[in-house]
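Architecture at a glance
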Amino acid sequence: MEEAGICGLGVKADMLEEIPGGEARTDPPDGQQDSECNRNKEKTLGKEVLLLMQALNTLSTPEEKLAALCKKYADLLEESRSVQKQMKILQKKQAQIVKEKVHLQSEHSKAILARSKLESLCRELQRHNKTLKEENMQQAREEEERRKEATAHFQITLNEIQAQLEQHDIHNAKLRQENIELGEKLKKLIEQYALREEVMAFGLFKRLLKISKSVTIHT
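The name given to the chain in an unreviewed UniProt entry is Taxilin gamma, and the organism recorded there is Gorilla gorilla gorilla. In the Sequence similarities (unreviewed entry) part of its UniProt record, the chain is described as follows: "Belongs to the taxilin family."

1. As for the overall build of the chain
Secondary structure assignment for the chain yields two helices and zero strands. The long-range share in the chain, meaning contacts at least 24 apart out of those at least 6 apart in sequence, stands at 48%. In the form shown here, the chain has an accessible surface area of approximately 19,600 Å², with 58% of it arising from carbon and sulfur atoms.

2. Thoughts on the pattern of salt bridges
Under the counting rule described, the total for this entry stands at four salt bridges. Salt-bridge contacts for D75 lead to K71; the nearest nitrogen and oxygen are separated by 3.4 Å. On the criterion of helical spacing, the pair formed by D75 and K71 is a turn pair, its members being four residues apart in helix α2 (residues 62-218). Overall, the relative accessible area of 40% leaves D75 in the partly exposed class. Among the salt bridges present, the one from R147 reaches E144, with a minimum N-O distance of 2.5 Å. On the criterion of helical spacing, the pair formed by R147 and E144 is a turn pair, its members being three residues apart in helix α2.

3. A closer look at a nonpolar patch on the surface
A contiguous nonpolar surface patch, about 300 Å² in accessible area, is contributed by L186, L189 and I190. Tracing the backbone shows L189 in helix α2.

4. Here's the deal with a positive patch on the surface
A cluster of basic residues, R81, K85, K88 and K92, forms a positive patch on the protein surface. Tracing the backbone through its elements, the reader meets K85 in helix α2. For K85, a relative accessible area of 58% gives the class exposed.

5. A word on the confidence of the model for the chain
A low pLDDT means the predicted coordinates there should not be read in detail. On average, residues of the chain carry a pLDDT of 79, and 77% of them reach 70 or more. The model gives residues 1-31 a pLDDT under 50, and that stretch makes 30 contacts with residues more than four places away or in other chains.

Rules used throughout
Residues numbered from 1 in each chain as written. Predicted model: local features only at pLDDT ≥ 70, side-chain atom pairs only at ≥ 80, totals over all residues. Heavy atoms only, no water. UniProt positions renumbered as here; feature names shortened; annotations may be inferred. Helix = DSSP H or I, 4+ residues; strand = E, 2+ residues; numbered from the N terminus. Contact = heavy atoms within 4.5 Å. Areas by Shrake-Rupley, 256 points an atom, 1.4 Å probe, with all protein chains shown as cover. Salt bridge = Lys/Arg side-chain N within 4 Å of Asp/Glu carboxyl O. Buried < 20%, exposed > 50% of the residue type's maximum accessible area, 1.4 Å probe, protein only. Patch = residues over 30% accessible without salt bridge, like charges linked within 9 Å, V, L, I, M, F, W, Y side chains within 5 Å. Lys, Arg positive; Asp, Glu negative; His and termini not counted. Charge placed at Lys NZ, Arg CZ, Asp CG, Glu CD. pLDDT = per-residue confidence, 0-100.

Below, the structure written as structure tokens:
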């Protein structure tokens, strides 16, 4: 039976060791499952083997026991295939999750780098704004100083012009007064000259009159 296989399925006797509860069991795919889980599985498999042995003891002939073993093995094989399919699906999901995790970690690293660059740019912008503010304040102070200097210079110039105008007004008033005085003097001179002319003309008239009378007497 070991060489020919069981139930024509090509199952040898050493394959029966894979039946739950046998001495030989395949290791977990990843080889890193928790020991507590292994103990729980051993307890579960031990119960299944006990139930299988009890079921076989209820059978009377070896053929029936062999048929029961074949059926149990076929069920276990189908279950193993189903578990393997589920395992592949879970492995794909795990690979996808790992891929997404790596992608998220990469995005997270990029976000951290971008945030670091943004913070650096913000600090640089703050320094630039501070420098610009200081330059603007310095320029405003310089403009204020220049404005004050220009205002002071303009006020000095205005005061000088005002003083010159006042001096010109005084000089013009003095000239007007002198002109008035000269006019009065000239008027007096004209009046005196006119009076003198009248006196001289009257004297000349008197002389002429006297001469005329004298001529008349001699005649």
